Amino acid sequence: MEREIIVMRGGGDLGSGVACRLHRSGFRVLILEVEQPMVVRRTVSFAQAVIDGKTTVEGVTAIHVATLPEARRAWLDGNLPVMVDAGMKVNAELKPDVIIDATIAKRNTGLRCNMAPLTIALGPGFEAGIDADIVIETNRGHDLGRLIFEGAAEPNTGVPAPVEGYGAERVLRAPCEGTVSHVLDIGAEVQQGEVVCRVGDRPVAAAFDGIVRGLIMNGKSVPKGFKIGDVDPRRVKEHCYTISDKARSLGGAVLEAILFFRNRVKTL
């Protein structure tokens, strides 16, 4: 297992939870990202290594690398390499055993079943057996983390699952096109109506009392309606800096999918 290489597209908070689980299980994971990641939960996203050079989540350090030799050095050092390669060009040389799409883009942006011995996709926008060998349900509820071998995950509702009765209002969205400027940052407690940030000259306020769990980087230019942050009504500061229950569930599901595939191959 330690020799197996996994390429994962997407180093946001959910993908990072998956990558952390696989890394700790002994796999060599390479995360592929875009040049300017727009992650909201920056404190638990390995994609932040692209911006900062390196970042650590729950004791696992991700390093921004530019080449495969640098990636291999990161593996030898016990770190997670993160490379800018949205088109997955590295696959031709690396020949990974597993490719995972964890972009949570709600649509297929280039994954195909034949790209690796095993392909896994998280969330809606993929059909098992066509776009990926296995699709994993990402919608909160009874089926979260379920492995799908035929068909697709539940359609995107566009509405976050409720937390203590709060759903869509948990998400902070840009009221207009413009540049984000912070008033508060991740981990700050906030009261209903308090301004968390501004987009251009327009304020973005919390809809209820809580804690700022996610906030896009200061200075990012965003379009109107873009998700720029989220507020958590539970007010547990540690949740801002640790992998979420949902991300852990998806990490376990991906690990199950890989082991299921390996065991099936051995019996053929």
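Note that this is a predicted model, so its numbers are computed, not measured. Per chain, residue numbering runs from 1 following the sequence as it is written. Note on the predicted model: pLDDT of at least 70 is required for a residue's local features to be given, and 80 or more for side-chain atom pairs to be given and counted; whole-chain, interface and lining totals, by contrast, use all residues. Excluded from the side-chain calculation are hydrogens and water; included are all heavy atoms of the structure.

Glancing now at the overall build of the chain. Check the secondary structure of the chain and you find five helices and 19 strands. Taken against the 2.2 N^0.38 rule, which gives 18 Å for 268 residues, the C-alpha radius of gyration of the chain at 18 Å falls within 12% of a compact globule. Expressed as lengths along the three principal axes of its C-alpha atoms, the size of the chain is roughly 60 × 40 × 30 Å. Only protein chains enter the area calculation, which uses a 1.4 Å probe; residues under 20% of their type maximum are buried, those over 50% are exposed, and those in between are partly exposed. Evaluated residue by residue, the chain yields a buried proportion of 50% over its 268 residues. With residues, only the protein chains shown are counted as cover, and all accessible areas are computed by Shrake-Rupley using a 1.4 Å probe. Split by element, the accessible area of the chain, about 12,300 Å² in all, is 49% carbon and sulfur. Per the convention used, a helix needs a DSSP run of H or I reaching at least four residues, while a strand needs a run of E reaching at least two, with both numbered from the N terminus. Note that the radius of gyration is over C-alpha atoms, with the globule rule given as 2.2 Å times the number of residues to the power 0.38.

With that settled, consider helix α1 (residues 13-24). To estimate the expected span of a helix, subtract one from its residue number and multiply by 1.5 Å. With twelve residues, α1 should cover 16 Å at 1.5 Å per step; its first-to-last C-alpha distance of 17 Å lies within 8% of that length. Summarising burial for α1: nine of the twelve residues are buried, a large majority. Listing the buried residues of α1 in full gives Leu14, Gly15, Ser16, Gly17, Val18, Ala19, Cys20, Leu22 and His23. Of the residues one or two after α1, glycine 26 is the one with positive phi, at around 105 degrees.

Moving on, we get to empty space enclosed by the protein. Rolled over the atoms, a probe with the dimensions of a water molecule shows which regions are left empty. Here a cavity denotes a set of grid points, spaced 1 Å apart and computed over the protein atoms alone, in which a 1.4 Å probe fits but from which it cannot get out, and a pocket denotes an open set meeting protein on both sides within 12 Å along at least five of seven lines; residues with an atom within 4 Å of a point are reported as lining. Grid points are joined across faces, edges and corners, and a volume is the space filled by probe spheres set on the points. One pass over the structure, following the stated rule, counts one cavity of 30 Å³ or more. By volume, the largest cavity is sized at about 50 Å³. Lining the largest cavity we find Asp13, Arg41, Val44, Arg213, His239, Thr242, Ile243, Ser244 and Ala247.

Okay, the packing of aromatic side chains next. Stacked, tilted and edge-to-face pairs are distinguished by plane angle, under 30 degrees for stacked and over 60 for edge-to-face with tilted covering the rest, among Phe, Tyr and Trp rings (Trp via its six-membered ring) whose centres lie within 6.5 Å. Scanning the entire structure with this criterion turns up two aromatic pairs. With a centroid separation of 5.2 Å and 50 degrees between ring planes, the pair formed by phenylalanine 149 and phenylalanine 260 is classed as tilted. Of this pair, phenylalanine 149 sits in the loop between β10 (147-148) and β11 (151-152) while phenylalanine 260 sits in helix α5 (residues 245-267), and the two are 111 residues apart along the sequence. By relative accessible area, which is 38% here, phenylalanine 149 ends up partly exposed. For the pair tyrosine 166 and phenylalanine 208, a centre-to-centre distance of 4.0 Å together with 20 degrees between the ring planes defines the contact as stacked. Taken together, the positions of tyrosine 166 in the loop between β11 and β12 (171-173) and phenylalanine 208 in the loop between β16 (202-205) and β17 (210-215) put the pair 42 residues apart, joining distant regions of the chain. Classification of phenylalanine 208 by relative accessible area gives buried; the value is 3%.

A pair of strands counts as paired when DSSP detects no fewer than two bridges linking them. Taken in spatial order, the four strands of this open sheet run β12-β19-β17-β14, and their pairing is antiparallel. The open sheet terminates on both sides in strands that have one partner only, identified here as β12 and β14 (189-190). In the sheet, β17 pairs with strand β19 (residues 227-232) via four bridges, with the strands oriented antiparallel. Bridge assignment links valine 212 to a residue of β19, and that residue is valine 231.

A few words now on helix α3 (residues 68-76). Side chains three or four residues apart in an α-helix point the same way, a direct result of the helix having 3.6 residues per turn. Every buried residue of α3 is listed here: Leu68, Ala71, Ala74 and Trp75. Within α3, the buried residues cover an arc of 110 degrees as seen down the axis, which keeps them to one side. Exposed and oriented more than 90 degrees from the buried face of α3 are Pro69 and Leu76. Residues of α3 that are buried make contact with β1 (5-9), β2 (28-33), β4 (60-65), β5 (80-84) and α4 (91-94). Directly beyond the C-terminal end of α3, a positive phi value near 80 degrees is found at glycine 78. Of all possible arcs, the one meant is that of the directions from the helix axis to the C-beta atoms. The criterion used for residue contact is that any of the two residues' heavy atoms lie within 4.5 Å.

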